[in-house]
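# Descriptive structure summary
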Amino acid sequence: MPIPRVAPRARLVYPGAVRVLAALAVLSCLACAPAAVKPPPPPPAPAPPRPEEEARAALARFSASLRAGRWGDAYILLSARWRGRLTPDRLAADWRGSGPVGARALARVEALLGAGAPVQVSGRVATLAVGEGREASLLLEEGGWRVDALE
């Protein structure tokens, strides 16, 4: 008996329909994809320190240097007028020679700074009132604020 021959199956191809379905599939994937993510904006630049804050910081560094006996660090923070007259060794000798007067002046300045007392700035001069008619004063010189007097 002869083997019956099966007729080849007819192929149904709808090229137009396949293209439409493929385009719909691509569009649906794009619709589900997350939107392009924008990078976050850069953080705002910090505000430059105000002159009062800079003068206060210089006075605090100076007093901390004196308290710790770091004469070279304290010397650098002196005004040009005092740096011209002193050396770090001479500053140390003068400080030791001031006895309780220098220690009390330093304690007043540190207490006022710690309490947040205002440092007044007028042009190139900054002052911290430390008592009746007395003040710590700083001068704005090349390189920043420099201590000119504790009282």
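Predicted model, so just to flag it, every value in this text is computed and none were measured. (Residues numbered from 1 in each chain as written. Predicted model: local features only at pLDDT ≥ 70, side-chain atom pairs only at ≥ 80, totals over all residues. Heavy atoms only, no water.)

### A short note on the pairing of strand 2 (residues 125-131)
Taken together, the three bridges between strand 1 (residues 120-122) and strand 2 define a ladder with antiparallel strand orientation. Looking across to strand 2, one finds that Q120 is bridged to T127. Taking the residues between adjacent antiparallel strands as the criterion, strand 1 and strand 2 are bridged by two residues, where G123 takes a positive phi near 65 degrees. (Pairing = 2+ DSSP bridges. Helix = DSSP H or I, 4+ residues; strand = E, 2+ residues; numbered from the N terminus.)

### Structural notes on the packing of helix 2 (residues 51-68) against helix 5 (residues 88-115)
Contact pair helix 2 / helix 5: the axes reach a minimum separation of 10 Å and the direction vectors enclose 140 degrees. Overall, the two elements helix 2 and helix 5 adopt an arrangement that is oblique. Helix-helix and strand crossings are classified by hand; for helix 2 and helix 5 the assignment is left-handed. The residues of helix 5 that touch helix 2, namely those facing R56, L59, A60, S63, A64, L66 and R67, are W95, L106, A107, V109, E110, L112 and L113. (Axes fitted to C-alpha atoms, helices over the stretch in contact; angles between N-to-C directions. Parallel < 35°, antiparallel > 145°, perpendicular 65-115°, else oblique. Left-handed = near helix turned anticlockwise from the far one by under 90°. Contact = heavy atoms within 4.5 Å.)

### Remarks on helix 2
Taking 1.5 Å of rise per residue, 18 residues should cover 26 Å, and helix 2 covers 26 Å from first to last C-alpha, within 8% of that figure. Along helix 2, the positions that sit buried rather than exposed are A55, A58, L59, F62, S63, S65 and L66. All buried residues of helix 2 project into a common sector of 160 degrees when viewed along the axis, lining one side. Elements in contact with the buried residues of helix 2: helix 3 (71-76), helix 5, strand 2, strand 3 (134-141) and strand 4 (144-149). The first or second residue beyond helix 2 is G69, which carries a positive phi of 70 degrees. (Expected span 1.5 Å × (residues − 1). Buried < 20%, exposed > 50% of the residue type's maximum accessible area, 1.4 Å probe, protein only. Arc of directions from axis to C-beta.)

### Section: helix 5
With 28 residues, helix 5 extends just 29 Å between its outermost C-alpha atoms, more than 12% less than the 40 Å of an ideal straight helix rising 1.5 Å per residue. Considering bend angle alone, the principal kink of helix 5 is centred on G99 and spans about 105 degrees; proline P100 follows within four residues of it. Listed as buried for helix 5 are L91, A92, G102, A105, L106, V109 and L113. On its buried face, helix 5 sits against helix 2, helix 3, strand 2 and strand 3. Note on helix 5: the residue one or two positions beyond its end, G116, has a positive phi of about 80 degrees. (Bend = angle between axes of the 7 residues up to and from the residue.)

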